[in-house]
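# Breakdown of the fold
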Amino acid sequence: MNKPVDLPLDALAHDDEDHNTSGNPSFMDVLDARLSRRSVLRGGVGSAASVVLGGLSLSACGGGDDDPAPAAPSGPAPITSLAFAAVAKNTLDVVTVPTGYAATPIYALGDPLTAATPAFANDGSDTDYDNRAGDHHDGMEYFGLNAAGTARDPQGSTRGLLAMNHEALTDNFLHVTGSSARPRPASESDKEIPAHGVSVVEVRKTGTQWAYVQNSAYNRRVTPLTPVELAGVARGNALTRTLYSPAGTGARGTINNCGTGYTPWGSFLTGEENWAGYFTRGAADNAARTGVDAKSVAALNRYGRAQGAASRHGWETSGADDKYRRWDISRSGASAEGTDDYRHELNTYGYIVEMDPYDRAAAVKKRTSLGRFAHESAAFGPPTVGRPLAVYMGDDSVGEYIYKYVSTANWDAADATAANRIATGDKYLDAGRLYVARFNADGTGTWIELTITDPLISGYASYAFADQGDVVINARLAADAVGATRMDRPEWCAVNPVNGEIYYTLTNNSSRKLAPAAGQFGLDAANPRSYSDSRGAAAPGSPGNVNGHIIRMREAGGLSNAATFAWDVYLFGAQAARDAANTTLTDTEYAARVNLSNLTADQDFSSPDGLWFSQNTRLLYVQTDDGSYTDATNCMMLIGVPGSVGDGVRTTLSYPVAGGANVNVDTFVGARPSATTLKRFLVGPVDCELTGCTETPDGTTVFANIQHPGETISAANVPIPANYRSHWPGSVGYGAGGATARPRSATVAITKNDGGRIGS
Ligand code: FEO
Ligand code: CA
Ligand code: CA
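Since the structure is predicted, the reported quantities are computational estimates derived from the model, not experimental observations. (Residues numbered from 1 in each chain as written. Chains lettered and ligands numbered in written order. Predicted model: local features only at pLDDT ≥ 70, side-chain atom pairs only at ≥ 80, totals over all residues. Heavy atoms only, no water.)

## So, the overall build of the protein
- Across its full length, the protein holds nine helices and 33 strands.
- Here the protein has a C-alpha radius of gyration of 24 Å; the compact-globule value for 760 residues is 27 Å, and the two agree.
- If you line up the protein on its principal axes, its C-alpha atoms span 65 × 65 × 60 Å.
- Per-residue burial over the protein gives 63% buried out of 760 residues. (Helix = DSSP H or I, 4+ residues; strand = E, 2+ residues; numbered from the N terminus. Rg over C-alpha atoms; globule rule 2.2 N^0.38 Å. Buried < 20%, exposed > 50% of the residue type's maximum accessible area, 1.4 Å probe, protein only.)

This is the structure in structure tokens:
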């Protein structure tokens, strides 16, 4: 859903939820942090002369700010100057790409995935979503096949698999006359539930045209009802025992899958994001948990399920069948363990989930050791033989944290082609350490381990952690306990293959304030902006970080297990010039406090979300999910040629305070982009967000997802096509419906007319 800003907290969309009341440090209380950058995390490689500093175990080897970046990988030459003509902002109901490029829909909501499944009628009558593309295409990865389609070929560029997330629903369009009120008819819930999850679909290129393969044996759906395993440190934990899995080792399915990841061994990772909202909890459930499960109330509140919380779609109202009942997490059973109800069901969601896209029979595993929160993407640092692997992750809610997982096992290059990819995942993703980031005011940062052995965690007053499984299940509470930095909604992260630097989108935060009230956030060096914006001629809204920013980090010594990092801000989102109606700032102030990256009309954007590096061209793709600049433009995708941490300047933002001295916040602004290092590449149709990006290994096709075009629709308007805000992709000839079609989330294949690499 497009993200609103300038709304009171209680009016925010589901994925803007703020449950972080930890009081963790903001700007003024991180000034003391000046940890040595010459440090690696204990437990990593060849540590020597360990010292204890500020509660962290460090060792005195490794690199620092002045250490060389890792060597650039071999392969095709990076593109260092963007040659295409930037796409202008627009509100057209089409996908706009530069002259010389084409963006063609190839796989949309409802497309059949077996030979026997009927074509999608797109009139609300369709069923059987277990065998169709789900809704709200999101994160996506490409997995190459050989020409015969019989085996994995990491370089296969004409035949492959797309594994993609189906995050959520435009539910009204799934039904003939829109969604019914509660209690929800089972027939509607039975369509909506399997329209979530993941699909794997084969795609092939014939001549210059891509198409999906309806009868491919690889095609597969994983839905919220597919049996999955809990793996890692929380497997079998007391907090994961349910009526469905009394041993706490299994769970059903995955939901609200947003960002993705591609492992160095060729499997697919999917992140569970706003899963909590699908569950309801009774109005008197706190009392019901007294005695047997009292401490869970703090955890449920922290993860957004206070007692009385309503579920997003009301599936629990569809009947007594267990597949509906499980969406009510109230304690109803008499057991002490929770094996006779679904009081622990919420603890089986919120993970990075691993699948083998090439093997329909392989187990789907929730990798609990990577922590439980509102996951977006999972991006690996460059694998180095003999070193641990690092996986970077963000928690997308207001004021949440940035995380890193470091494997216990050191990387073995032979595992890149291991036959059993899920067993390889067991090796690297089940045993390791989880860290959370603290951003210091001096441009450094610290990775703080989340471990039950830390007295700040084992002795945390707000929640009594029982064991390490409890720590990863309740990672947010553990991160609160150790004083992590509350960020402006971490969305995707991506790792620059050229130098190993890690980029995170911080999409926006309407609660970032100069003078924060309870539940709001003050300014700090890494989250330094608060300003007002208007929508065209409308009055300016209340201040916040309206347009978001993209932060980047460089590990000390370029090491996956570094204890510290350096950071700066790659780009600050902004419109190029303030709206005339926005009289809260002068043009000079706008340039000094808002458009810090000096974006031009060819580059300006708001609410960065999807983020992905091409392994071929090494270009950075930035996708937006915006509700602030949509008066001027639909959501978009930009391409950047990034520099590196420290290529810009330390900058002081000076905020006037009525009747007092200015409040000054120092931050680190990356080098301003030039006209050939950042350009708008694509603008999507009405009401969509751009999300999910992947490529063929030869760099000549980029796949991107158009999520929820025309999502603003009421049930009353569903019978009236004239009221649809979008008719894409039917309007461009894809599928049924033509110019009056119901809009559908869809994947587009982007190619260059001359067959060249995208961005060249
Ligand atoms: Fe599903 Fe945070 O985007
Ligand atoms: Ca505006
Ligand atoms: Ca997203």
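Moving on, there is more to tell.
## Re the confidence of the model for the protein
- Model confidence for the protein is summarised by a mean pLDDT of 92, while 90% of its residues fall at 70 or above.
- In the model, residues 42–69 has pLDDT below 50 throughout and makes 60 contacts with residues more than four positions away in sequence or in other chains. (pLDDT = per-residue confidence, 0-100. Contact = heavy atoms within 4.5 Å.)

## Observations regarding the coordination of the calcium ion (ligand 2)
- Taken together, the protein ligands of the calcium ion (ligand 2) are Asp533 (OD), Asp533 (OD), Ser534 (O), Gln575 (OE1) and Asp579 (OD), with distances of 2.1 to 3.0 Å.
- The sequence motif formed by the donor residues of the calcium ion (ligand 2) is D-S-x40-Q-x3-D.
- For aspartate 533, a relative accessible area of 8% corresponds to the buried category. (Donors = N, O, S within 2.8 Å, 3.2 Å for Na, K, Ca; no water.)

## Focus on helix H5 (residues 421–429)
- Within the sequence span of H5, burial applies to Arg421, Ile422, Thr424, Gly425, Tyr428 and Leu429. Looking down the long axis of H5, one finds its buried residues gathered within 150° of arc, a one-sided arrangement.
- Each element contacted by the buried residues of H5 is listed here: strand E13 (268–272), strand E14 (352–355), strand E15 (365–367), strand E16 (375–380), strand E17 (388–395) and strand E18 (402–410).
- Regarding H5, its N-cap is asparagine 420, as a side-chain oxygen of that residue lies 3.3 Å from the backbone nitrogen of isoleucine 422 further along. (Arc of directions from axis to C-beta. Polar contact = N/O pair within 3.5 Å; in protein donor to acceptor, adjacent residues only side chain to side chain.)

## Some words on the pairing of strand E7 (residues 197–206)
- Of all the ten residues making up E7, seven are buried; the element is thus mostly covered by neighbouring parts of the structure.
- Of the pairings in the sheet, the one linking E7 to strand E9 (residues 220–222) comprises three bridges and is antiparallel in character. Bridge pairing in E9 places valine 198 opposite valine 222.
- Relative to strand E8 (residues 209–212), E7 is paired through four bridges, and the arrangement is antiparallel. In the sheet register, lysine 205 faces E8, and the bridge partner there is tryptophan 210.
- Between E7 and E8, which pair antiparallel one after the other, the connecting turn spans two residues, and glycine 207 there sits at a positive phi close to 65°. (Pairing = 2+ DSSP bridges.)

## Here we look at the nonpolar core
- In this structure, Met393, Tyr403, Val436 and Leu450 are the most contacted members of the largest nonpolar core, which totals 53 residues.
- Taken together, the elements giving at least two residues each to this core come down to helix H3 (296–302), E16, E17, E18, H5, strand E19 (432–439), helix H7 (468–473) and helix H8 (475–482).
- Broken down by element, the residue count for this core peaks at six residues, all from H8.
- The residues touching valine 436, leaving out its near neighbours within four places in the chain, are Tyr401, Ile402, Tyr403, Thr446, Trp447, Ile448, Leu450, Ala479, Val482 and Ala484.
- Of all hydrophobic cores here, the second largest spans 41 residues; its members include Ile79, Phe681, Tyr734 and Val748. (Core = buried A, V, L, I, M, F, W, Y, C linked by side-chain atoms within 4.5 Å.)

## Structural notes on the sheet that holds strand E11 (residues 250–252)
- If you walk across this open sheet you meet the six strands as E11-E10-E15-E14-E13-E12, and the pairing is mixed. Both outer strands of the open sheet, E11 and strand E12 (257–262), are each paired with one neighbouring strand and no more. Each adjacent strand pair in this sheet contributes to an overall mean axis angle of 35°, direction not counted.
- Pairing geometry for strand E10 (residues 227–231) and E11, over three bridges, is antiparallel. Following the sheet pairing, proline 227 is matched in E11 by arginine 252. (Axes fitted to C-alpha atoms, helices over the stretch in contact; angles between N-to-C directions.)

## Observations concerning the pattern of salt bridges
- Tallying each qualifying case throughout the model produces 42 salt bridges.
- For arginine 184, the salt bridge identified is with glutamate 192, shortest N-O distance 2.5 Å. Per residue, the accessibility class of arginine 184 equals that of glutamate 192, and both read buried.
- Several salt bridges share partner residues, and in doing so they unite Arg302, Asp395, Glu400, Arg476 and Asp480 into one network. (Salt bridge = Lys/Arg side-chain N within 4 Å of Asp/Glu carboxyl O.)

## Notes on unusual backbone geometry
- Cis geometry marks the peptide bond from arginine 182 to proline 183; its omega dihedral reads 0°.
- On the secondary structure map, proline 183 appears in the loop between strand E6 (159–166) and helix H1 (186–192).
- A cis amide bond links tryptophan 728 with the next residue in sequence, proline 729, at an omega value of 5°.
- With respect to the helices and strands, the residue proline 729 is situated in the loop between strand E32 (701–707) and strand E33 (746–752).

## Here we look at the state of the cysteines
- The full count for this structure, using the stated rule, is zero disulfides.
- Cysteine 493 carries a free sulfur, and the closest cysteine sulfur to it, the one in cysteine 258, is 12 Å from it. (Disulfide = S-S within 2.5 Å.)

## Describing the environment of aspartate 153
- With respect to the element layout, aspartate 153 can be found in the loop between strand E5 (137–144) and E6.
- Using a relative accessible area of 26% as the deciding quantity, one classes aspartate 153 as partly exposed.
- Spatially, the C-alpha atom of aspartate 153 lies 54 Å from that of alanine 537, the residues being 384 residues apart in sequence.
- Not counting chain neighbours up to four residues away, the residues in contact with aspartate 153 comprise Gly144, Leu145 and Asn146.

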